[in-house]
Amino acid sequence: MSMKVISIINLKGGVGKTISSVNIAHILSTIHNKKVLIVDNDKQGNTSRLFGVKDATKSIADIMVESCINVKTVIKPTIYNDLDIIPANMDLLEANLAVITDDEIEGKASILKNALDQVKNEYDYCIIDNPPDINLSVINALVASNDVLIPIRIDQFALDGMKDLIEQINNVETARLKGCFITQFSKNKMNLSKLEELRKSSNYPILNTVIRRTVKVEESTFENLPLLEFSKRCNASRDYVALVEECLKL
Ligand SMILES: Nc1ncnc2c1ncn2[C@@H]1O[C@H](COP(=O)(O)OP(=O)(O)O)[C@@H](O)[C@H]1O
Ligand SMILES: [Mg+2]
């Protein structure tokens, strides 16, 4: 087994990074019987809250600051089979500052990669949920990743920041942009034509699967449940299942 690491990234907030990370990870483990590690790399800890580990004693902040940490002491099980998590909370803010200002630390961009390498034979996939930023944490995620997925919401500013993000991805030799995918899509004339435009004009690969907007998604977050556990048949559930299938074939 050699763990494949996939980062879900966009510089913008509210585009569906967390929802996508959680559901891609959950679908890989439940439908595809993969062993999956989800990494919460956002100090807001939304993914951690969803899995009930927001207040775990150890978090990704400890990985950033403790050079010889045994990563297994940070990994927590979730209530789902074959789905474990590295939690995050506000400690990550201070941890990143500590790393940035410490001149003694070498290889500041590969801290997460080195930690994840410790468990690369224990998981099939690692999904990293990122903050809406390009900070030390995100650079660490990119260096640790084989693939990058970018969720995009269609609006006037859909592609803002994409150039910078793609530049950062291209800077990291080992990370490959697998593709962008549309989230929170409402099917109407305007959006369909915007989507068409985006597919034609974009310099970036846009996956075929589109994640539709449904109120079930928001409801699932209030119940702290992955979509398949909350509403197996809603549009977004089916779309995420299709998205994972598409990605596995790429
Ligand atoms: N397909 C969808 N349909 C409806 N609401 C969605 C969908 N995807 C995400 N949302 C909602 O959009 C908001 C932002 O999603 P989130 O995954 O937290 O974004 P990010 O992590 O990029 O900030 C959340 O309130 C979430 O419930
Ligand atoms: Mg998020």
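Residues numbered from 1 in each chain as written. Chains lettered and ligands numbered in written order. Predicted model: local features only at pLDDT ≥ 70, side-chain atom pairs only at ≥ 80, totals over all residues. Heavy atoms only, no water.

What follows is about the overall build of the protein. The number of helices and strands found in the protein is 11 helices and 8 strands. For the protein, the spread of C-alpha atoms along the principal axes amounts to about 55 × 35 × 30 Å. Across the 250 residues of the protein, 52% fall into the buried class. In the form shown here, the protein has an accessible surface area of approximately 12000 Å², with 47% of it arising from carbon and sulfur atoms. Each charge class in the protein can be summarised by its mean position, and for the 30 positive and 33 negative side chains these summaries are 9 Å apart. (Helix = DSSP H or I, 4+ residues; strand = E, 2+ residues; numbered from the N terminus. Buried < 20%, exposed > 50% of the residue type's maximum accessible area, 1.4 Å probe, protein only. Areas by Shrake-Rupley, 256 points an atom, 1.4 Å probe, with all protein chains shown as cover. Lys, Arg positive; Asp, Glu negative; His and termini not counted. Charge placed at Lys NZ, Arg CZ, Asp CG, Glu CD.)

Considering only enclosed or pocket space, the largest pocket measures out at about 670 Å³ in volume. Along its surface, the largest pocket is lined by 27 residues, and G16, I19, V217, E218 and T221 are the ones closest to its centre. Secondary-structure elements contributing two or more residues to the lining of the largest pocket are α1 (17-30), α2 (46-50), β7 (176-185), β8 (206-212) and α9 (215-222). With 4 residues, the single largest contributor to the lining of the largest pocket is α9. (1 Å grid on protein atoms, 1.4 Å probe; cavity = no way out; pocket = protein on both sides within 12 Å on 5 of 7 lines; lining within 4 Å. Points joined across faces, edges and corners; volume = space filled by probe spheres on them.)

Attention shifts here to the site of ligand 1. Around ligand 1 sit 14 residues, and of these G14, K17, T18, I19 and R212 come closest. I19 is positioned with one of its backbone polar atoms (N or O) 2.9 Å from an oxygen atom of ligand 1. Expressed as a share of its isolated accessible area of 560 Å², the protein-covered part of ligand 1 is 82%. Counting atoms within 2 Å of the grid points, the majority share of ligand 1 lands in the largest pocket. Elements with a contribution of two residues or more to the shell around ligand 1: α1, β8 and α9. (Near = heavy atom within 4 Å. Polar contact = N/O pair within 3.5 Å; in protein donor to acceptor, adjacent residues only side chain to side chain. Sits in = over half its atoms within 2 Å of the grid points.)

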